[in-house]
Amino acid sequence: MTGYDLAKRFGSSVGNVWHAPDSQIYPELRRMMQDGLLESEEVPWGRKGRKIEYTITEQGRVAFGEWMDSDLQWTRDRDPMHLRAAYFEYATPDRARDQLTAYREHILQLRGQWQQQIDEVIAGTSETLNRRLEIVPASQHRRTTAFKRFTYEGLVDRADVEIAWAERGLKLLDELDDLDAQDELGALSTQDA
C-alpha cells in the first residue's frame, strides 16, 4: 500500500484503538524502511504521476511477532476530561455541566461506532476483518474473528463505564447545587432572626 492508503486504512481499523496522525505515519514508514522492516517500490499513479508502495518484509513480520510477544510498556494516561473534573470547583456549575454532557455525548457516539463494529463482525460484514481474513490462514479465522470482537467489546465496556461516570458527575452537580441553595437559605434565615 501507499502511505496514503495506509493512513486511510489505519483510520478505519487500528484508529479505533490508536490515534496516529499522518505526520506520524510517514516518518514511521521511513524509519521502518531504514530498519529493513518494509521495502518500497515506485509505481505509476494516474497519467504521469508516481507513488511509493510499501510491503512488509520477512524481517518486518518477525519484528512484528516479537513486538506482539513482548511485554507492554505502560505509559501514563493523559485524560483531559478527568483532569478538568478534578478542578470543577473552579468552573461555573453550568460550564461543568456542559462539559460533562458534551463528554457523555462524545463517548456515546464512540460507543455506537464500536457497537457497529461488533455487529459487523458478528454478521460477517466487517470490511476490516474480511480484509484480514483474506491474508491469514483459514485455521486462524476463528481466532482472528474472536479477538477482533473481543477488542470492540472491551471498548464498549469502557465506554459504558465513562458514560456512567459522566452521569454521576451530572447528578453530583445537581446535589451540590441543592446543598448550596440550602446553605444560602439557612444563611438568610439566620440574618432575619
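Residues numbered from 1 in each chain as written. Predicted model: local features only at pLDDT ≥ 70, side-chain atom pairs only at ≥ 80, totals over all residues. Heavy atoms only, no water.

Check the secondary structure of the protein and you find seven helices and two strands. In sequence order, the secondary structure elements of the protein are arranged as α-α-β-β-α-α-α-α-α. Computed over the C-alpha atoms, the radius of gyration of the protein is 25 Å, more than 25% above the 16 Å expected from 2.2 N^0.38 for a compact globule of 193 residues. Principal axes of the C-alpha set define a box for the protein whose edges measure 85 × 40 × 35 Å. (Helix = DSSP H or I, 4+ residues; strand = E, 2+ residues; numbered from the N terminus. Rg over C-alpha atoms; globule rule 2.2 N^0.38 Å.)

Attention now moves to the confidence of the model for the protein. In the predicted model, the protein carries a mean pLDDT of 90, and the fraction of residues at 70 or more is 96%. Looking over the protein, one finds the lowest element-wise mean pLDDT in helix α1 (residues 3-12), namely 74, and the highest in helix α5 (residues 93-123), namely 96. (pLDDT = per-residue confidence, 0-100.)

What follows concerns the environment of Lys51. Mapped onto the secondary structure, Lys51 falls in strand β2 (residues 49-56). Taking C-alpha positions, Lys51 is 34 Å from Thr151, a pair spaced 100 residues apart along the chain.

Right, let's get into helix α6 (residues 127-135). Among all positions in α6, only Thr128, Leu129 and Leu133 are buried. All buried residues of α6 project into a common sector of 135 degrees when viewed along the axis, lining one side. In this structure, α6 carries Glu127, Glu134 and Ile135 as exposed residues pointing more than 90 degrees from its buried face. (Buried < 20%, exposed > 50% of the residue type's maximum accessible area, 1.4 Å probe, protein only. Arc of directions from axis to C-beta.)

As enumerated under the stated definition, the model contains 11 salt bridges in all. Where Arg131 meets Glu127, a salt bridge forms, and the shortest distance between an N and an O atom there is 3.9 Å. In this pair, Arg131 and Glu127 both sit in helix α6, four residues apart, roughly one turn of the helix. Among the residues examined, Glu127 registers a relative accessible area of 58% and is labelled exposed. Each of Asp94, Arg97, Asp174 and Asp177 takes part in salt bridges that share partners, so that together they form one network. (Salt bridge = Lys/Arg side-chain N within 4 Å of Asp/Glu carboxyl O.)

What follows covers the pairing of strand β1 (residues 38-45). Relative to β2, β1 runs antiparallel, the two sharing eight bridges. Paired with Glu41 across the strands is Glu53, a residue of β2. Where β1 hands over to β2, the hairpin turn is made up of three residues, of which Gly46 adopts a positive phi near 70 degrees. (Pairing = 2+ DSSP bridges.)

With that out of the way, let us pick up a nonpolar patch on the surface. A cluster of nonpolar side chains, contributed by Phe64, Trp67 and Met68, occupies part of the molecular surface with about 390 Å² of accessible area. Positionally, Phe64 belongs in helix α3 (residues 58-69). (Patch = residues over 30% accessible without salt bridge, like charges linked within 9 Å, V, L, I, M, F, W, Y side chains within 5 Å. Areas by Shrake-Rupley, 256 points an atom, 1.4 Å probe, with all protein chains shown as cover.)

Let's shift gears to the nonpolar core. Nonpolar side chains in soluble globular proteins tend to be buried together. Within the largest apolar cluster, 17 residues are counted, with the highest numbers of intra-cluster contacts made by Met81, Leu100, Tyr103, Trp114 and Trp165. Only α5 and α7 (141-192) provide two or more residues apiece to this core. At nine residues, the largest contribution of residues to this core is made by α7. With residues up to four places along the chain from it excluded, the contact list for Leu100 reads Met81, Phe88, Trp165, Ala166, Gly169, Leu170 and Leu173. Core analysis: the second largest hydrophobic core is formed by six residues, Ala7, Ala20, Leu29 and Tyr54 among them. (Core = buried A, V, L, I, M, F, W, Y, C linked by side-chain atoms within 4.5 Å. Contact = heavy atoms within 4.5 Å.)

Now for α3. For α3, with 12 residues, the first-to-last C-alpha span of 17 Å sits near the 16 Å given by 1.5 Å per residue. Of all 12 residues that make up α3, one are buried, and the element is exposed over most of its length. (Expected span 1.5 Å × (residues − 1).)

Take the environment of Asp35 next. Within the secondary structure layout, Asp35 lies in the loop between α2 (22-34) and β1. Assessed through its relative accessible area of 37%, Asp35 is described here as partly exposed. When the C-alpha positions of Asp35 and Gly60 are compared, they lie 8.7 Å apart, and in sequence the two are 25 residues distant.

Before going further, it helps to examine the side chain of Gln99. Tracing the backbone through its elements, the reader meets Gln99 in helix α5. Looking at Gln99, the relative accessible area reads 14%, which means it is buried. A polar contact of 3.2 Å, which involves the side chain of Gln99, links it to the side chain of Arg84. Apart from residues no more than four positions distant in its own chain, Gln99 is found in contact with Met81, Arg84 and Phe88. (Polar contact = N/O pair within 3.5 Å; in protein donor to acceptor, adjacent residues only side chain to side chain.)

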